[in-house]
Amino acid sequence: MIKKYRLVNPRAGGMYQVQALRDFGDVVAGDIGGFVSGEHNLSHYDTCWIYDEAEVMDDARVVDSAKVMGKSNIKGNSIVGGYSVVTGTSTIKDHSHICGYSYVKDVCVGDHCHIAGCTLKDPMYIQGDFGRITITDSCLYWEGCWIWITGAVSFFENLALDERKFFRLPIK
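Sequence order as written defines the numbering, with residues in each chain counted from 1. Totals for whole chains, interfaces and linings use all residues, but because this is a predicted model, local features are given only for residues with pLDDT of at least 70 and pairs of side-chain atoms are given and counted only at 80 or more. Note: side-chain values were computed over all heavy atoms of the structure, leaving out hydrogens and water.

A few points about the overall build of the protein
Think of it this way: any DSSP run of H or I at least four residues long counts as a helix, any run of E at least two long counts as a strand, and we number them from the N terminus. Of the regular secondary structure elements, the protein holds zero helices and 23 strands. The buried label goes to any residue with under 20% of its type's maximum accessible area, the exposed label to any with over 50%, and the partly exposed label to all in between, with areas taken from a 1.4 Å probe on protein chains only. Within the protein, the fraction of its 172 residues that count as buried is 51%. Sequence separation of 24 or more characterises 8% of the internal contacts of the protein that already satisfy a separation of 6 or more. Only the protein chains shown count as cover for residues, and all accessible areas are computed by the Shrake-Rupley method using a 1.4 Å probe. Here the protein displays about 8200 Å² of accessible surface, and carbon together with sulfur accounts for 51% of that area. By definition in these notes, contact holds between two residues if any of their heavy atoms fall within 4.5 Å.

Remarks on unusual backbone geometry
Phi at Asn-9 is positive, roughly 50 degrees, even though this residue is not glycine. Take Asn-9: its relative accessible area is 41%, and that puts it in the partly exposed class. In this structure, Asp-46 is a non-glycine residue whose phi angle is positive, near 60 degrees. As for its position among the elements, Asp-46 is in the loop between strand E3 (32–36) and strand E4 (49–50). With a relative accessible area of 47%, Asp-46 lands in the partly exposed category.

Considerations on the nonpolar core
Only buried residues count toward a nonpolar core, which is a set of Ala, Val, Leu, Ile, Met, Phe, Trp, Tyr and Cys residues joined through side-chain atoms within 4.5 Å. In this structure, Leu-42, Trp-49, Val-62, Ile-74 and Ile-98 are the most contacted members of the largest nonpolar core, which totals 28 residues. Taken together, the elements giving at least two residues each to this core come down to strand E2 (15–20), E4, strand E14 (107–110) and strand E15 (113–116). Once residues lying within four places of it in the same chain are set aside, the contact partners of Ile-74 are Glu-55, Val-56, Met-57, Ala-60, Val-68, Val-80, Val-86 and Ile-92.

Thoughts on the packing of aromatic side chains
Aromatic ring pairs are defined here through the distance separating the ring centres and the angle between the ring planes. Ring pairs shown here join Phe, Tyr and Trp side chains whose ring centres sit within 6.5 Å, with only the six-membered ring taken for Trp; geometry is labelled stacked below 30 degrees between planes, edge-to-face above 60, and tilted in between. Counted according to the given criterion, the structure contains three aromatic pairs. Taking the centre distance of 5.4 Å and the plane angle of 70 degrees together, the rings of Phe-24 and Trp-49 count as edge-to-face. Here Phe-24, found in the loop between E2 and E3, pairs with Trp-49, found in strand E4; they are 25 residues apart in sequence, far enough to count as distant. Overall, Phe-24 belongs to the buried group, its relative accessible area being 6%. Every member of this aromatic cluster is reached through a ring pair, and the members are Tyr-5, Phe-24 and Trp-49. Charge over a ring is defined by NZ of Lys or CZ of Arg lying within 6 Å of the ring centre and within 35 degrees of the ring normal. Positioned above the aromatic ring of Phe-35 is the side chain of Arg-11, whose terminal nitrogen or guanidinium carbon lies 3.8 Å from the ring centre.

Concerning the side chain of Thr-91
As for its placement among the helices and strands, Thr-91 is situated in strand E11 (residues 91–92). Given the relative accessible area of 19%, Thr-91 is considered buried. When neighbours within four sequence positions are excluded, Thr-91 is seen to be in contact with Asn-73, Lys-75, Val-107, Cys-108 and Val-109.

Observations regarding the pairing of E3
Counted residue by residue, E3 has four buried out of five residues, so it is predominantly covered. With two bridges joining them, E3 and strand E5 (residues 55–56) adopt parallel strand pairing. Considered in E5, the bridge of Val-36 is made with Val-56. Between any two strands, at least two bridges found by DSSP are needed for them to pair.

Written out as structure tokens, the structure is:
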């Protein structure tokens, strides 16, 4: 394995910035990226990268061709993979998984959620209370949605929610 980055600029709390050692994707050797707590947070394979002031910590991982940007925070045991982009002030936590061609901006995703191939943006909070959430295939959410889901729930195919609507699924 040829390493694609090294850890530089240690800061309080055990975080380091990443610095590219070679060109890949849209990253050029020497580019300084976001922050990690260790090399286990960012794969040396493919073109995944952490940009700007984004942070990946704990046992969270960024893999494949995923991009974590802005002031996003990935933590817990979460994984961001595929061709996903997590940006803005997003927080991905609690064993959540963002994959496929997902675009997540200014969203909080927690509690074992699985987001695949969706666009989620603007202030939004997605949490699974007592089980797992799966949101997949061309779902689009925007403009201040508040999604509070309890139980094991799956959303599939062309689901849209907008204009500050509150969406709640009861426990079955």
